[in-house]
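# Structure assessment
As a plain string of letters, each chain reads:
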Amino acid sequence: MSVAAEPLSDRLVYSRDELLASGAYAAPLVAGGVRCHGGFDDDGRYRSPRTVHRAPAISAWQTRLAHEGAALIEIPRASMPPQYPNVEQATLLLERGVRDPIVRALTIISIVEGFGAIIRDVKVPDLAALVVEPVAGTALAHLREGLFEAHARDESGWRDEGGHKQMWEAARDLALEKPKIPGDVLMRMMGRQAARRRPDRPFPQLDETLERMLALMAQVLVVEVFAEGTFEWGMRLLSNPNVSAAPEAAAAMVGHIRADERPHVEYLRTALSELRARTLRTVGGGTIAGRTVVDALLHRILRELTTARPREQREDLRENLVAAMQGAASPATLLEEFDALDTPWTPPARTGFEPAAA
Ligand SMILES: [Fe+2]
Ligand SMILES: [Fe+2]
């Protein structure tokens, strides 16, 4: 038996086990010798893990939202910063034998995917008590009933099954033939993480657990939407036979990861939209419009990530770039060529979630 196409459903309530269920596959997905999540149906099509019920559930919650006349949050594509180095720059480096910066960039992506597991540790407050309107039969009501856990498993793997972390490693190792991984990649990332201060609380009148959960969901949603640029980059770069030893297999692997991300974007924007259409209770006994809170959090994180992400990618790469180029013929000319291929970009003037619009 293999997984059938997800049936359309108007069911709004699901058990945790259902939201975590994958069904059976005709063939498993094996990446770099590691059995990974997901698999292939009888027609050889890739099917994402844990979507037998999760996918129809999310679309049912979205349909309900639409029936209620509430908007589904859309993170504008224009706010997505370009990947650095861009495909042309990365191709140039690989063609000239400067592999270390690209090995690093791909390794950072795999580590970031693995970090996604923290979503299962997010504390979910008693939403029925903190939201004025009912939340039964929404994505919100299922966050701790399977949605966060499914997301965590997709990113970092579960038990003996690999997840996105292992799938990105496999894509890298296929394309670049098991390159030597620099030993300091993780350490550097941890160092930067530690230097980030704990964000202040823009809504101290809210229950703190609720505010932290919403801030994290807003952040993860934006990161997931921006990841689309990373997938496009990975597929274009690793499918180029001039620089990739396994153009088809490596790009297909990135394509599978990309497909798995869809439910992440969809459940997060659904839950945030549901909350945006509701009213929140404050600790002082008052209320505040969900829209005021959700829009402010999205505005804030979009402002931050559209500036911080491009800067950090640049810093990560350039820290080793000149040293890595020393092995190439005429490193100075190569650096000039590399910089000439840069994609100029400035974040859009508006995030679309300006507080004034509320
Ligand atoms: Fe992922
Ligand atoms: Fe994801």
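So, here's what we can say about the structure. (Residues numbered from 1 in each chain as written. Chains lettered and ligands numbered in written order. Predicted model: local features only at pLDDT ≥ 70, side-chain atom pairs only at ≥ 80, totals over all residues. Heavy atoms only, no water.)

### Comments concerning a nonpolar patch on the surface
The grouping of Val-112, Phe-115, Leu-186 and Met-190 at the surface amounts to a nonpolar patch, some 330 Å² of accessible area in total. Elements with a minimum of two residues in the nonpolar patch: helix H4 (100-115) and helix H8 (185-195). Looking at the element boundaries, Phe-115 is found in helix H4. Judged by its relative accessible area of 33%, Phe-115 falls in the partly exposed class. (Patch = residues over 30% accessible without salt bridge, like charges linked within 9 Å, V, L, I, M, F, W, Y side chains within 5 Å. Areas by Shrake-Rupley, 256 points an atom, 1.4 Å probe, with all protein chains shown as cover. Salt bridge = Lys/Arg side-chain N within 4 Å of Asp/Glu carboxyl O. Helix = DSSP H or I, 4+ residues; strand = E, 2+ residues; numbered from the N terminus. Buried < 20%, exposed > 50% of the residue type's maximum accessible area, 1.4 Å probe, protein only.)

### Let's talk about the coordination of the iron ion (ligand 1)
The iron ion (ligand 1) binds to the protein through Glu-113 (OE), Glu-155 (OE), His-164 (ND1) and Glu-261 (OE), with metal-donor distances spanning 1.9 to 2.2 Å. Taken together, the 4 donor atoms surrounding the iron ion (ligand 1) define angles of 83 to 151° at the centre, an arrangement classified as irregular. Going along the chain, you hit the donors of the iron ion (ligand 1) in the pattern E-x41-E-x8-H-x96-E. Here the iron ion (ligand 1) and the iron ion (ligand 2) are spaced 3.3 Å apart, linked through Glu-155, which binds each one. Here Glu-113 is found in helix H4, whereas its partner His-164 is found in helix H7 (residues 164-175), with 51 residues between them in sequence. (Donors = N, O, S within 2.8 Å, 3.2 Å for Na, K, Ca; no water. Tetrahedral: all angles 85-135°; square planar, octahedral: opposite > 155°, others 65-115°.)

### What to know about the side chain of Glu-261
Within the secondary structure, Glu-261 sits in helix H10 (residues 247-276). Those residues in contact with Glu-261 that sit more than four places away from it in its chain are Glu-113, Glu-155, His-164, Glu-224 and Phe-231. (Contact = heavy atoms within 4.5 Å.)

### Here's the deal with the packing of aromatic side chains
Here the structure, examined in full by the defined rule, presents 5 aromatic pairs. Ring centres 5.8 Å apart and planes at 70° place the aromatic pair Phe-40 and Tyr-46 in the edge-to-face group. Assigned by exposure class, Phe-40 and Tyr-46 land together as buried. Between Phe-148 and Tyr-267 the ring centres are 6.2 Å apart and the planes differ by 70°, which places this aromatic pair in the edge-to-face class. With Phe-148 in helix H6 (residues 143-156) and Tyr-267 in helix H10, the pair connects residues that are 119 residues apart, well separated along the chain. Over the ring of Trp-158 we find Arg-153, and its NZ or CZ is 3.6 Å from the ring centre. Residue placement shows Arg-314 over the ring face of Tyr-84; its charged tip is 4.1 Å from the ring centre. (Phe/Tyr/Trp six-rings, centres within 6.5 Å; stacked < 30°, edge-to-face > 60°. Lys NZ or Arg CZ within 6 Å of the ring centre and 35° of its normal.)

### Topic: the side chain of Asn-320
Position of Asn-320 among the secondary structure elements: in helix H11 (residues 290-325). For Asn-320, the contacting residues outside a window of four places in its chain are Asp-100, Arg-104 and Arg-188.

### Quick notes on H7
Here H7 is 12 residues long and its end C-alpha atoms lie 16 Å apart, about the 16 Å a rise of 1.5 Å per residue gives. Considered for burial, the residues of H7 that qualify are His-164, Met-167, Trp-168, Ala-170, Ala-171, Arg-172 and Ala-175. Of the residues flanking the end of H7, it is Glu-177, one or two places downstream, whose phi is positive at about 55°. (Expected span 1.5 Å × (residues − 1).)

### Looking at the coordination of the iron ion (ligand 2)
Within the protein, Glu-155 (OE), Glu-224 (OE), Glu-224 (OE), Glu-261 (OE) and His-264 (ND1) serve as the donor atoms for the iron ion (ligand 2), at 1.9 to 2.4 Å. Sequence positions of the residues that donate to the iron ion (ligand 2) give the spacing E-x68-E-x36-E-x2-H.

### Here's the deal with the packing of helix H3 (residues 87-95) against helix H9 (residues 208-238)
Contact geometry of H3 with H9 gives a least axis separation of 10 Å together with a crossing angle of 35°. Note that H3 runs across H9; the crossing there is right-handed. For the pair formed by H3 and H9, the contact residues are Val-87, Glu-88, Ala-90, Thr-91 and Leu-94 on the first element and Trp-233, Arg-236 and Leu-237 on the second. (Axes fitted to C-alpha atoms, helices over the stretch in contact; angles between N-to-C directions. Left-handed = near helix turned anticlockwise from the far one by under 90°.)

### Some words on the sheet that holds strand S3 (residues 46-47)
Spatial strand order, S1-S2-S3: 3 strands in an open sheet with antiparallel pairing. A strand with exactly one partner marks an edge of an open sheet, and here the two such strands are strand S1 (27-31) and S3. Summarising the sheet, S1 and strand S2 (residues 34-40) pair through 5 bridges and their orientation is antiparallel. Looking across to S2, one finds that Ala-27 is bridged to Phe-40. Seen against the sheet, H7 touches S1, S2 and S3 and runs at an angle of roughly 100° to S2. (Pairing = 2+ DSSP bridges.)

### Some words on the packing of H6 against H10
Packing of H6 against H10 leaves a shortest axis separation of 10 Å and a crossing angle of 150°. In this structure, the crossing between H6 and H10 has a hand that is left-handed. Residues Leu-143, Leu-147, Phe-148, His-151, Asp-154 and Glu-155 of H6 pack against Asp-260, Glu-261, His-264, Tyr-267, Leu-268 and Ala-271 of H10. Looking at side-chain class alone, the contact of H6 with H10 contains 6 nonpolar, 2 polar and 4 charged residues. (Nonpolar A, V, L, I, M, F, W, Y, C, P; charged D, E, K, R; others polar.)

### Description of the pairing of S2
With 5 of 7 residues buried, S2 is to be regarded as a mostly interior element. Count of turn residues in the S1/S2 antiparallel hairpin: 2 residues, of which Gly-32 carries a positive phi of about 55°. The pairing of S2 with S3 spans 2 bridges and is classified as antiparallel. Bridging from a neighbouring strand, Gly-39 pairs with Arg-47 of S3. Following S2, the chain reverses through 5 residues before pairing antiparallel with S3; Gly-44 in that reversal takes a positive phi of roughly 80°.

### Concerning helix H2 (residues 54-67)
The end-to-end C-alpha distance of H2, which contains 14 residues, comes to 20 Å, matching closely the 20 Å that a straight helix rising 1.5 Å per residue would cover. Taken together, the buried residues of H2 touch helix H1 (16-19), H6 and H10. Gly-69 sits one or two positions beyond H2 and adopts a positive phi of about 80°.

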